[in-house]
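# Remarks on the overall topology
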Amino acid sequence: MISDSLLTTLAREYGTPLFVYDADRIAERYRDLFTFIPCDRLKIQYALKANYQIGILQTLLAQGAGIDAVSPAEVELALRLGFPKERIIYTANNMSDAGFEKVRRTGVLMNIGSLSRLRKIARDHKGMKLCLRFNPDVCDGDSVHTMTAGALTKFGILLDDLEEVKSLVKAGDLHIVGLHEHTGSGLQHAESVYAAMDKLMAIATRENFPELEMLDFGGGFKVPYKPDEAEIDYVAMGKVIAEKFARFCENYGRKLDLLFEPGKFLVAQSGHLVVEVNTIKHNRERLIAGCDSGFPQLIRPMLYGAYHQIDNLSNPGGKKYCYDVCGNICETGDRFAEQREVPEIREYDLLAIRNAGAYCYSMGGVYNLRPMPTEVVVSGGEVIAKRKRLSDAELVDQILKESR
């Protein structure tokens, strides 16, 4: 666990804003899944889109994780870091022909989520080995923006289209070695996980798909973001998951691999964004604390209305006041928190924005031409990896160079 005193020390050394990640916490969460889900064929594919920091990826590689990749560049990064192609699954959304060909040449297993792409493969790449993504028609998640199943989603092949899928597989002599589904991010209800599993397992018969080697039930495991938010009982959930899968394998006639693709679960709680307060404003009934970061560097509150706990590292015992904690970007919605109770904030205080390990830096950009923060990865109290913030001049040099 990274202490607040270490966060303060690192902020003074590397400057703010600063992302700090706890590699030991990530490794612990990875091992937790094998405790929660008692299945000897369990495989964990890290959802690389959650955070592509090299130190994090090297930590998970050493633990034995695989990769859930969603772009050709993610595949390329995973391969270059040493993840074996056999431990990578490519699940792109609306993949282009060029992207498809680039990944196909790597030999990485491709997970196909549309009839349109499956038709092209059956026509042009006969005999190809594939995984198929189905829409389980079970909707769950912590935001409508991150629910990935149901009638309104763009993801997956409808279960209603199973017969056409089988016809295309037969016409293309395709080898379907896996089936996949994903209901959403930040799953709220264990029953949704079970229902989605049941729907995928119902079509995963020897009659439909005789060559299956694995079933992949996606990710979306919820982690608590609010201080009073309870942790999901993953021990109880994992027991049900393992029992369901064991019964399925018995009916199928052989043991298959059981895959999950967590991103947030593995890395969210490991991350902290440390910012410095530079402005205090009393706007009639509003008390505004302005800091040296903004929504392009942690967009979840503005994009999803997501909650991130904020602690005052410099004055943890101060009297609490209600603040709007705002960023430095030219948008009124640029707030990390609105009307949040925090110990008294003064100019130059350091604030820690918690649970900043997933979908924060990885969704970032340089709007207003403010460079992305430095990142450091810590293990055993020592920095084991870092990526430095570009200076303003380096960012402008990069833009000018790319424009030539």
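Anyway, here's the lowdown on the structure attached to this text. Counting restarts for each chain: residues are numbered from 1 in the order of the written sequence. In keeping with the predicted nature of the model, local features appear solely for residues at pLDDT of at least 70, side-chain atom pairs appear and are counted solely at 80 or more, and the whole-chain, interface and lining totals rest on all residues. Neither water nor hydrogens contribute to the side-chain values; these are computed over all heavy atoms in the structure.

This part is about the environment of Arg 254. Secondary structure elements are taken from DSSP: a helix is a run of H or I of four residues or more, a strand is a run of E of two residues or more, and numbering for both begins at the N terminus. With respect to the helices and strands, Arg 254 occurs in the loop between helix 9 (234-252) and strand 10 (257-260). Any two residues whose heavy atoms approach within 4.5 Å are treated as being in contact. Not counting residues within four places of it along the chain, the set of residues in contact with Arg 254 comprises Arg 206, Pro 210, Glu 211, Leu 212 and Cys 249. Within the local environment of Arg 254, its side chain forms a polar contact with the backbone oxygen of Leu 212, the two atoms lying 2.7 Å apart. The term polar contact refers here to a pair of N or O atoms within 3.5 Å; inside protein, the definition further demands a hydrogen-donor-capable atom paired with an acceptor-capable atom, and it admits residues adjacent in sequence only when both atoms are side-chain atoms.

So, on to empty space enclosed by the protein. Throughout, the protein atoms alone are placed on a 1 Å grid, and a set of points is a cavity if a 1.4 Å probe fits but cannot get out or a pocket if it is open with protein on both sides within 12 Å along at least five of seven lines; lining residues have an atom within 4 Å of a point. Grid points are joined across faces, edges and corners, and a volume is the space filled by probe spheres set on the points. Taken as a whole and judged by the stated rule, the model has two cavities of 30 Å³ or more. Estimated volume of the second largest cavity: approximately 40 Å³. In terms of lining, the second largest cavity is formed by Leu 33, Phe 36, Ile 37, Phe 221, Tyr 234, Met 237, Gly 238 and Ile 241. For the lining of the second largest cavity, the elements supplying multiple residues, two or more each, are helix 2 (23-36) and helix 9. Each residue gets one of three labels, nonpolar for Ala, Val, Leu, Ile, Met, Phe, Trp, Tyr, Cys and Pro, charged for Asp, Glu, Lys and Arg, and polar for the others, Gly among them. Here the residues of the lining of the second largest cavity are counted per class, giving seven nonpolar, one polar and no charged.

Right, let's get into a nonpolar patch on the surface. On the surface, a nonpolar cluster with roughly 370 Å² of combined accessible area is contributed by Val 366, Leu 369, Val 396, Ile 399 and Leu 400. Relative to the helices and strands, Ile 399 is located in helix 12 (residues 392-402). Here, patches come from residues exposed beyond 30% relative accessible area and free of salt bridges, joined within 9 Å for like charges and within 5 Å for nonpolar side chains (Val, Leu, Ile, Met, Phe, Trp, Tyr). Accessible surface area values rest on a Shrake-Rupley calculation with a 1.4 Å probe, where residue burial reflects the displayed protein chains alone. Should a side-chain nitrogen of Lys or Arg be within 4 Å of a carboxyl oxygen of Asp or Glu, the pair is scored as a salt bridge.

This next bit is on the layout of surface pockets. Rolled over the atoms, a probe as big as a water molecule pinpoints where empty space is left. The volume enclosed by the second largest pocket comes to roughly 460 Å³. Taken together, 22 residues form the lining of the second largest pocket, with Glu 86, Ile 88, Leu 109, Lys 129 and Glu 213 sitting closest to its centre. Within the residue set of the lining of the second largest pocket, elements represented by two or more residues are strand 2 (42-47), strand 4 (88-90) and strand 10. If one sorts the elements of the lining of the second largest pocket by residue count, strand 2 sits on top with three residues. Looking at the lining of the second largest pocket residue by residue, the classes come out as ten nonpolar, four polar and eight charged.

A few words now on helix 2. The terminal C-alpha atoms of helix 2 lie 20 Å apart, and with 14 residues this matches the ideal 20 Å at 1.5 Å per residue to within 8%. The complete set of buried residues in helix 2 reads Ala 23, Ile 26, Ala 27, Arg 29, Tyr 30, Asp 32, Leu 33 and Phe 36. Its side-chain oxygen 3.1 Å from the backbone nitrogen of Asp 24, Asp 22 forms the N-cap of helix 2. In this scheme, a helix's expected span is set at 1.5 Å multiplied by one less than its residue total. Buried, partly exposed and exposed residues are distinguished by accessible area as a fraction of the type maximum, computed with a 1.4 Å probe on protein chains only: under 20%, between the cut-offs, and over 50%, respectively.

Another point: the state of the cysteines. Throughout, a disulfide means two cysteine sulfur atoms within 2.5 Å of one another. Using the criterion set out here, one finds zero disulfides in the structure. This cysteine, Cys 291, is not joined by any disulfide, and Cys 326 carries the nearest cysteine sulfur, 8.0 Å off. Of all cysteine sulfurs, the one in Cys 326 lies closest to Cys 322, which takes part in no disulfide; the gap is 13 Å. Judged by its relative accessible area of 33%, Cys 322 falls in the partly exposed class.

So, about the pattern of salt bridges. Taken as a whole and judged by the stated rule, the model has 27 salt bridges. With a closest N to O distance of 2.9 Å, Glu 101 and Arg 104 form a salt bridge. Here Arg 104 and Glu 101 lie together in helix 5 (residues 97-104), a separation of three residues that amounts to about one turn. Relative accessible area serves as the criterion here: at 23%, Glu 101 is assigned to the partly exposed category. Assessed through its relative accessible area of 32%, Arg 104 is described here as partly exposed. Across the salt bridge formed by Arg 346 and Asp 349, the nearest N and O atoms sit 3.1 Å from each other. In this structure, a network of salt bridges that share partners links the residues Arg 286, Asp 324, Arg 335 and Glu 338.

Residue Pro 17 is bonded to the preceding Thr 16 through a cis peptide linkage, with omega at -5°. In this fold, Pro 17 is placed in the loop between helix 1 (4-14) and strand 1 (18-22).

This part takes up the packing of helix 6 (residues 115-124) against helix 7 (residues 162-171). For helices, the fitted axis covers only the stretch in contact; all axes are lines through C-alpha atoms, and the angles between them, taken along N-to-C directions, range from 0 to 180 degrees. Running from N to C, helix 6 and helix 7 point in directions that differ by 20°, and their axes come no closer than 9 Å. It follows from the interaxial angle that helix 6 and helix 7 lie roughly parallel. Between helix 6 and helix 7 lies a crossing of left-handed hand. Mapping the contact onto sequence places Leu 115, Leu 118, Arg 119 and Ala 122 in helix 6 and Glu 164, Val 165 and Leu 168 in helix 7. Within the contact of helix 6 with helix 7, the residues separate by chemical class into five nonpolar, no polar and two charged. The labels follow the angle: roughly parallel below 35 degrees, roughly antiparallel above 145, roughly perpendicular from 65 to 115, and oblique for the rest. It is the rotation of the near helix from the far one that decides the hand of a crossing: anticlockwise by less than a right angle makes it left-handed, clockwise makes it right-handed.

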